[in-house]
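Now for the letters of each chain:
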There are 2 protein chains.
Amino acid sequence: MSYTSQRPLFVSFVGGSSGLWRIERMYPVVGEGLPVADRLDVRESFTLSTVQEGLWTLRGVTSNARYIIREEADELTRRQEGLMRPTATCAALIPIRKTEAWWALAQDERRRIFEESSHHTQVGLEYLPAIARRLHHSRELGEPFDFLTWFEYAPEHQSAFEELVKRLRETEEWQYVDREIDLRLRR
Amino acid sequence: MSYTSQRPLFVSFVGGSSGLWRIERMYPVVGEGLPVADRLDVRESFTLSTVQEGLWTLRGVTSNARYIIREEADELTRRQEGLMRPTATCAALIPIRKTEAWWALAQDERRRIFEESSHHTQVGLEYLPAIARRLHHSRELGEPFDFLTWFEYAPEHQSAFEELVKRLRETEEWQYVDREIDLRLRR
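Residues numbered from 1 in each chain as written. Chains lettered and ligands numbered in written order. Predicted model: local features only at pLDDT ≥ 70, side-chain atom pairs only at ≥ 80, totals over all residues. Heavy atoms only, no water.

Asks: Whenever I open this one, the packing of aromatic side chains confuses me. Can you help?
Replies: Think of a pair of aromatic rings as described by two things: how far the centres are apart, and how the planes are tilted against each other in angle. Residues and elements named next belong to chain A. As enumerated under the stated definition, the model contains 16 aromatic pairs over all chains in all. By the ring-pair criterion, three or more aromatic residues cluster together here, those being Tyr67, Trp102, Phe114 and Tyr176. Against the face of Trp102 rests Lys98, its NZ or CZ located 3.9 Å from the ring centre. (Phe/Tyr/Trp six-rings, centres within 6.5 Å; stacked < 30°, edge-to-face > 60°. Lys NZ or Arg CZ within 6 Å of the ring centre and 35° of its normal.)

Asks: So what exactly am I meant to see when it comes to the interface of chain A and chain B here?
Replies: Accessible area lost on assembly of the parts is the figure often given for the size of an interface. Contact residues are listed per partner, giving 31 residues for chain A and 30 residues for chain B. Note on chain A versus chain B: buried area summed over both sides is about 2,600 Å², and carbon and sulfur give 49% of it. One can count four salt bridges joining chain A with chain B. Between Arg66(B) and Glu140(A) there is a salt bridge, with its nearest N and O atoms 3.8 Å apart. Here chain A is connected to chain B by 12 residue pairs in polar contact (both at pLDDT 80 or more). (Contact = heavy atoms within 4.5 Å. Buried area = accessible area lost by both parts, 1.4 Å probe. Salt bridge = Lys/Arg side-chain N within 4 Å of Asp/Glu carboxyl O. Polar contact = N/O pair within 3.5 Å; in protein donor to acceptor, adjacent residues only side chain to side chain.)

Asks: Teacher, can you tell me more about the relation of the copies chain A and chain B here?
Replies: These two copies of the chain differ by a rotation about an axis and a displacement along the same axis. Superposing chain A onto chain B takes a rotation of 180° plus a shift of 0.0 Å along the axis, which leaves an RMSD of 0.0 Å. In symmetry terms, the pair is related by a two-fold rotation axis. Same-surface contact between copies: 97% of interface residues of chain A are shared with the interface of chain B. (Least-squares fit on C-alpha atoms with pLDDT ≥ 70 in both.)

Asks: I keep staring at the confidence of the model for chain A and nothing clicks. Help me out?
Replies: For residues with low pLDDT, the predicted coordinates do not support detailed interpretation. Scored by pLDDT, chain A comes out at a mean of 94, with 97% of its residues at no less than 70. Overall fold confidence (pTM) sits at 0.93, and the ipTM for the predicted complex is 0.90. (pLDDT = per-residue confidence, 0-100.)

Asks: Just to check I follow, could you spell out the pairing of strand β4 (residues 56–61) of chain B for this structure?
Replies: Among the six residues of β4(B), six are classified as buried, and the element is accordingly described as predominantly covered. Burial along β4(B) is two-sided: Trp56(B), Leu58(B) and Gly60(B) and Thr57(B), Arg59(B) and Val61(B), pointing in opposite directions, are all buried. (Buried < 20%, exposed > 50% of the residue type's maximum accessible area, 1.4 Å probe, protein only. Helix = DSSP H or I, 4+ residues; strand = E, 2+ residues; numbered from the N terminus.)

Asks: What am I meant to see in the side chain of Ser118(A) here?
Replies: Residues and elements named next belong to chain A. Position of Ser118 among the secondary structure elements: in the loop between α3 (107–117) and α4 (120–126). Residue class for Ser118 comes out buried when judged on its relative accessible area of 2%. In terms of polar contacts, Ser118 uses its side chain to reach the backbone carbonyl oxygen of Ile113, at 2.6 Å. Excluding residues that lie within four positions of it along the chain, Ser118 makes contacts with Ile113, Val123, Thr171, Glu172 and Glu173.

Asks: Looking at this structure, how should I read unusual backbone geometry?
Replies: Glycine aside, a negative phi is what most residues show, and trans is what most peptide bonds show. Cis rather than trans, the peptide bond between Leu128(A) and Pro129(A) has omega equal to 0°. You can see Pro129(A) is positioned in the loop between α4 and β6 (132–137). Backbone geometry at His119(A) places phi at a positive 50°, although glycine is not the residue there. Relative to the helices and strands, His119(A) resides in the loop between α3 and α4. Phi at Met84(B) is positive, roughly 60°, even though this residue is not glycine. Inspection of the secondary structure puts Met84(B) in the loop between α1 (70–79) and β5 (90–98).

Asks: How should helix α1 (residues 70–79) of chain A be read in this particular structure?
Replies: Since the α-helix advances by 3.6 residues per turn, residues separated by three or four positions end up pointing in the same direction. Residues and elements named next belong to chain A. Within the sequence span of α1, burial applies to Glu72, Ala73 and Leu76. Mapping the buried residues of α1 onto a view down its axis gives an arc of 100°, with all of them on the same face. Opposite the buried face of α1, by more than 90 degrees, sit the exposed residues Glu71 and Arg78. Among the structural elements, α3 and α4 are those in contact with the buried residues of α1. (Arc of directions from axis to C-beta.)

Asks: Help me out: how do you make sense of the environment of Glu180(A) in this one?
Replies: Residues and elements named next belong to chain A. Residue position: Glu180 is located in strand β8 (residues 177–186). Separated by 86 residues in sequence, Glu180 and Ile94 have C-alpha atoms that sit 6.9 Å apart. What Glu180 contacts, discounting residues up to four positions off in sequence, is Pro28, Val29, Val30, Ile94, Pro95, Ile96, Arg169 and Trp174. A polar side-chain atom of Glu180 sits 2.8 Å from a polar atom in the side chain of Arg169.

Below you can see the structure in the form of structure tokens.
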């Protein structure tokens, strides 16, 4: 997730027969899954594209953080590391869609559920710098998911990662998730 | 601006020689202008398009409100009216871009400037229902502007509209605007 200012980056996750990442496992957590693919290609661009490639293409765009306050932003900046660290050969892609009820909430209500009740940022902070992540927004691109979150970590942090996703799925925020797929990858 | 849940709507504002709206006036408030065009066509779709048409095409997407809290949302819902009221034959399109400094702020800092200091929502409320508006997000579509705001009002509310934009341009929030164009239209 990006907590410093930057130009939005468009990212296409293309599932098919080519790409750096081998898809080891893919399963629907809630709702409909995706067609089985062997590999994932992650393509970054500063230009929006609507091209569909491979068996499926999921698109998202990085943006400013919507809920975190200054103190949390500073803590994240201090502790997080970038993507593509040589040791981080494991990745996960978790597309989620939230319900209409979530999107009908006002900002203060979403912030309360996101952080004061679900401790989303605080939970994520506990796993830094081991588990790097980047959030992509998809809802305003007319995509089937609202968010695509990409995680990278070394094989020895596999169980920490399982714990992280388990904790997030138990939160009040996750009651608003009506479609979720869990993809695990290796390079 | 939409304060109730809905599917994002993609809107293309096409400046050229056709369209319902006649462009009566267009001037850059801050930064670079746009090529002169006679008419504006407003095209709505549930599908994202990257097509460029006319002399220029500005694209945006409606989304959930990012700053307003529940009390403000309810007040807006009670007081606002829709677009295309028969009497509302005047319109304005105001594309703005905000500085990198704005986008580097955390959510609590942006909210403080947006509402507690600049009273953006409260000022807008004073002019309801006379001046209807809809906000479109453009930053995450890779567009030259961050936001496109569309206003509609009857000719007798022209001076109220001038007052509204004047008040907003005097706020702390507007110090973060580094490109702004003001287009006035009639149908």
